[in-house]
Structures are given as C-alpha cells and as structure tokens.
Amino acid sequence: MSNKINEFRRPPGPGAPVALGIDAETLKALTELRDQYGNMVCVEKPSGRLAYFINDAHEVRRILLRRHSKYRKGPGFERVKMLLGNGLIVSDDDVWRRSRTMIQPAFSRQNVHQLVDAMSQCAISLTDRWQAFAESGKTPNINVETSDFALQLILLTIFGDDYEERILAQGENPFSFLAEDSTRDLGVVMKVRQLRNFMLEIIADRRNADQSEVYDFLSMYIQATDKQGQPFNDKELLDELMTLIVAGFETSANTLAWVWYLLSGHDDVEQRLLDEIAECMPDPGSVSAENAARMTYTQQVLEEALRLYPPVWLFTRRACELDELDEFDVPPGADIYLSPYLLHRTEAYWPNPDEFDPDRFELSDKPKKDRPYFPFSLGPRRCLGEYFSFLEMKIHLALLLPKFRMMRCSDEEPELELAINLRSRDDIYLKPILRNP
Ligand code: HEM
C-alpha cells in the first residue's frame, strides 16, 4: 500500500488482508469484523484495495442519500454486467442519469395502476394450479411457484399482448430458464444472449407500430426520449429490458416465498391478514390500487418479511472521490460494503431481531429514520420497482390467501443462500390446503 493511503484517518480493522465477496463466507467475515472492531471497519483486501464495512444507520444514510455522488457501484457488479449489459442497475454517471430520467415516468403510480389487471391475471392462474395441487395432495416447491408467478407478471407487463402472441406461442416459454436456474453462471449468461435476438425481433415490430394506446413497459421504454429528444437505441433498450426482467422478478419472487413460509408458522398474523383482505379486497372484482392502499397490515407483513430476508442483502459501492464519514476518511478507490441483512437484524435497532413481528411497522411506531431499514436501498438509486412490487405482492396475497392455507413439511428452519440475492439454500416445499373444500 502506498504511503499516501496511510495518511488517511482509517477506522480500526485487522492487520492481515481479508477476502470479501458476495457469499456466505463474506457474511461470516463481516459479522466477525463488526463484533471485533465496531460499526466502522477498514480492511485491506488481498489486492491491496481498501474496503470499509459500515454498520451504522446514520453513515449508511449519508452514503446512499447525501453523498451518493461520491460513489459508484462497487465490486460484484461486473458479474451482473455480463448478464445485464449496461442497464440501470449497473450503469453509473451520465449513462445512468440519462436512463433513469427516461425510465422513471414508466414507474409513476398512474402507470403502475394500468398493470393491476395483469397482476390479478397472474395470481388467478396460480389459484387454478394450487387448487389442483391441493386436490391431488401434492406438495409444490414454493420457490418455483412464486418465481413462475413473478416471471410471468414481469413478462406480461413488459410485452403486453406480445407475451401470449409471440412468447408463449414459441411452445416453451424461452424465458422460463430464469425461474428454474437461480445461478447466474456462464450457462445462464449464454442463454440470455440468445434471447436478445428474439427480443430484437419484437422490438423492431413494435418500433414500426402505433404505440399511443399501449401501456406496457416495452411501449413506454420505446417512446421515452432524453433531453436531446433521442430514444434508446436497440442495444440500450435490450440492456434495460433484461435489467427489468431480472430485477423485477427474482426479488419479488423470493420475498413472496418467504412470506408464505412465515405465514405457515404464524397463525395469528395470517388471521389478521385474512380479516384485512376480507374487508379491503374480498374477491377478484374488488382488486384495485385504491383497495391495495387500504391494506396497511399486509404492507406491514411485507415490510417485516423484507426486514428479515432482504433479497439484496449486501450492497457495494466504490468511492470515486474523497469522502469523510464520522471522524474517518474514505479515499478514492476504496470499496464500501453495506448490509441490509446485518443492519435489519441488529439488536440495538430492532429488539428481538430474529422474531417475525409485523407490528414493528405500525404507522404510530417511532420515526423510521432512527432504524436502519433499506431493502430497496435509499437515495437516487433506490429501487424503481418498489411501488410495483408492493402492489403485486398485495394482490397475490389477496387472491390466494383466502383460498389456501400453507402447511410446512419440515420443522427445520431453512438455511440461507447468500449470493447476489438472498434465498433459501434448499427450496421450500409447502402443502396447500383448501380453506373451503
Ligand atoms: C421485493 C422486491 C424488490 C426489492 C427488495 C428490490 C431491491 C432493489 C435494490 C436494493 C436496488 C438497488 C441496488 C443497489 O443500489 O445496489 C434495486 C434497484 C432496482 N430495482 Fe428493485 N427490488 C425489488 C423489486 C423490483 C421490481 C418489481 C422492479 C421492476 C418492476 C425493480 C426494478 C429495479 C430497478 C430498475 C433498479 C435500478 C435502479 C437504479 O439504479 O436507478 N425492482 N432494487
């Protein structure tokens, strides 16, 4: 390490280098570092690069909100880049700013409300499948079920009528491997590349068609223009669509799988949800964004599931200019590690942190600012799909929970798999029981 770096005021940390990735060993290493050195830890990676692990609510907010312009996306995103090109999640600086400004209007509440019917449609098709499982006594894999639901929904909301007419018309859905194979290894990257030609054909036809009355994401992305009046070119559009597919289904799918698992062990919470659904959204005809907004307890349940199991459990950033945190300096080039998973389970902020208790999110509770909670990140790079995903998950629960109770097949708590997304190491199997056979 150069002397220049040694001049910076560094938080405490170990003398020997520490390897950090995005995996279970990293969680173990970060937990040990926090326990030994406190909420701000500095380590040197084997490459000689400095890494700061920040486990303090105030400083996390500062990095993601007020000082965000001093940071870019950090290590781990190169792998995502192989899959998503330079789409919104991985891009930085002007490329990101231009795309975010062009795409953001597609996620306005008004536009997302146009997608409520698609959300109902996907939940209803799951109802039929679960009914068959319940009647035949089969025990489905809940991870596969929620993945199918969320993938079908994101494809339907992107491609609209083309989903049925062009994608399902292929015989086998060419995107289904995304739900079946949760690894994002080279095999998946190659398959995604093959999809790009197929998507290009749809894009070309759409560019030549009248889009004025079409409200799917593809049409909105095609019509979006930057400050110079320029639309996305084909490469940019493909990167943004792949980003939307991958960002939009895996996170919601994992969250729903955890919600079903948690409800299968908490009858009291389940009953309160059923009461609220009976009042706000008792049947498919009452599905609407207005009624979803009244489902405040369901919102709390979802927030609590995301506290315990934040799909994006570790964020990384890389400092592009000097920053100051508390009494320490962050030199340019240093990596930052922030973990919603660890902060969401820190006793000092969340009493009995491992307990599932949706009442923590009651509106009357103390201001949220004091408690580190950032499953969707914070600041300008905050998730664009947050509102979409709460609406999707509420409609999913409203249409399925009154029909099915889920029964656990094992008393063992699922072990976690900590890759780019947090999920259970082994898939979870739950048995659907019809409430009114
Ligand atoms: C429970 C569901 C979800 C969770 C927990 C979640 C979480 C996140 C997080 C943590 C980020 C920021 C990552 C970082 O800065 O390193 C992010 C970004 C993003 N998410 Fe989500 N997400 C969810 C659902 C969705 C959905 C349904 C969509 C689209 C329909 C979506 C689209 C995006 C996009 C486009 C970005 C990039 C934003 C930017 O960098 O400007 N997400 N999400």
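For the structure itself, consult the block above.
Here's what I pulled together on the structure shown here. Not measured: the values here are computed from a predicted model.

### Concerning the overall build of the chain
Across its full length, the chain carries 18 helices and 11 strands. A globule of 437 residues ought to have a C-alpha radius of gyration of about 22 Å, and the chain, at 22 Å, matches this closely. If you line up the chain on its principal axes, its C-alpha atoms span 70 × 55 × 40 Å. Counting across all 437 residues of the chain, residues that qualify as buried make up 54%.

### Some remarks on the coordination of the iron atom of the ligand
Metal coordination angles in their ideal form are 109.5 degrees for the four-donor tetrahedron and 90 or 180 degrees for the six-donor octahedron. Just one protein atom coordinates the iron atom of the ligand, and that atom is C383 (SG), at 2.3 Å. Relative to the elements of secondary structure, C383 occurs in the loop between α17 (340–344) and α18 (386–400).

### Some thoughts on the site of the ligand
In the vicinity of the ligand, 28 residues are found, and the nearest of them are K73, W96, R100, R317 and C383. Interatomic distance of 3.1 Å between a side-chain N/O atom of R381 and an oxygen atom of the ligand. Among the elements that take part in the shell around the ligand, helix α13 (residues 234–263) stands out by supplying six residues, more than any other.

### Concerning unusual backbone geometry
Here the phi dihedral of N352 falls at roughly 45 degrees; this positive angle occurs in a residue that is not glycine. Summarising the element assignment, N352 is placed in the loop between α17 and α18.

### Topic: the pattern of salt bridges
What the rule picks out here adds up to 30 salt bridges. A salt bridge links D94 to R97; the shortest N-O distance between them is 3.0 Å. With a gap of three residues between them, D94 and R97 both fall in helix α5 (residues 93–103), about one helical turn apart. For D94, a relative accessible area of 57% translates into the label exposed. Its relative accessible area of 45% is what places R97 among the partly exposed residues. Overlapping salt bridges bring together R9, E324 and D329 as one network.

### Brief notes about the packing of α13 against α18
In the contact formed by α13 and α18, the axes pass within 11 Å of each other and the chain directions differ by 40 degrees. Our classification of the angle between α13 and α18 gives oblique. Handedness of the α13/α18 crossing: right-handed. On the side of α13, the interface is formed by S252, T255, L256, V259, W260 and L263, while α18 contributes S389, E392, M393, H396, L397 and L400. For the contact of α13 with α18, the class distribution of residues is seven nonpolar, four polar and one charged.

### Some words on the sheet that holds strand β3 (residues 71–73)
Reading across the sheet, the five strands line up as β1-β2-β7-β4-β3 and stay open at both edges, with mixed pairing between neighbours. The two strands at the open ends of the sheet, each matched to only one other strand, are β1 (40–44) and β3. Across this sheet, the average inter-strand angle for adjacent strands is 30 degrees, counted without regard to direction. Two elements, β1 and strand β2 (residues 50–54), share five bridges in a ladder whose sense is antiparallel. Within β2, the position partnered with M40 by the bridge is I54.

### Describing helix α2 (residues 24–37)
Along its 14 residues, α2 runs 20 Å from first to last C-alpha, staying within 8% of the 20 Å computed at 1.5 Å per residue. When α2 is considered as a whole, its buried residues turn out to be T26, L27, A29, L30, L33 and R34. The buried residues of α2 occupy one face: seen down the axis, they fall within an arc of 165 degrees. Exposed side chains of α2 directed beyond 90 degrees from the buried face belong to E25, K28, D35 and Q36. Packing partners of the buried residues in α2 comprise β1, β2, α17 and β9 (416–418).

### Remarks on the packing of aromatic side chains
Counted according to the given criterion, the structure contains 14 aromatic pairs. Consider the rings of W258 and Y261, whose centres lie 6.1 Å apart with planes at 80 degrees: the pair is edge-to-face. With W258 and Y261 both in helix α13, this residue pair falls three residues apart, about one helical turn. Residue class for Y261 comes out buried when judged on its relative accessible area of 7%. Counting every residue linked through ring pairs, the aromatic cluster contains F107, F217, Y221, F232 and F388. Over the ring of Y309 we find R345, and its NZ or CZ is 5.4 Å from the ring centre. The ring of F361 carries R371 above its face, with NZ or CZ at 5.6 Å from the centroid.

### A word on the nonpolar core
If you look at the biggest cluster of nonpolar residues, it comprises 147 residues, and the most contacted ones within it are F159, F175, L178, F217 and I245. Contact partners of I245, with chain neighbours within four places excluded, come to L151, I154, L155, I158, F159, F175, L178 and M199.

### Regarding helix α7 (residues 116–136)
When the terminal C-alpha atoms of α7 are compared, their 31 Å separation across 21 residues agrees well with the 30 Å that a helix rising 1.5 Å per residue should span. Looking at α7, one finds that the buried residues are V116, A118, M119, S120, C122, A123, L126, T127, W130, F133 and A134. Downstream of α7 by a residue or two, G137 has a phi angle that is positive, lying close to 75 degrees.

Thresholds applied
Residues numbered from 1 in each chain as written. Predicted model: local features only at pLDDT ≥ 70, side-chain atom pairs only at ≥ 80, totals over all residues. Heavy atoms only, no water. Helix = DSSP H or I, 4+ residues; strand = E, 2+ residues; numbered from the N terminus. Rg over C-alpha atoms; globule rule 2.2 N^0.38 Å. Buried < 20%, exposed > 50% of the residue type's maximum accessible area, 1.4 Å probe, protein only. Donors = N, O, S within 2.8 Å, 3.2 Å for Na, K, Ca; no water. Near = heavy atom within 4 Å. Polar contact = N/O pair within 3.5 Å; in protein donor to acceptor, adjacent residues only side chain to side chain. Salt bridge = Lys/Arg side-chain N within 4 Å of Asp/Glu carboxyl O. Axes fitted to C-alpha atoms, helices over the stretch in contact; angles between N-to-C directions. Parallel < 35°, antiparallel > 145°, perpendicular 65-115°, else oblique. Left-handed = near helix turned anticlockwise from the far one by under 90°. Contact = heavy atoms within 4.5 Å. Nonpolar A, V, L, I, M, F, W, Y, C, P; charged D, E, K, R; others polar. Pairing = 2+ DSSP bridges. Expected span 1.5 Å × (residues − 1). Arc of directions from axis to C-beta. Phe/Tyr/Trp six-rings, centres within 6.5 Å; stacked < 30°, edge-to-face > 60°. Lys NZ or Arg CZ within 6 Å of the ring centre and 35° of its normal. Core = buried A, V, L, I, M, F, W, Y, C linked by side-chain atoms within 4.5 Å.

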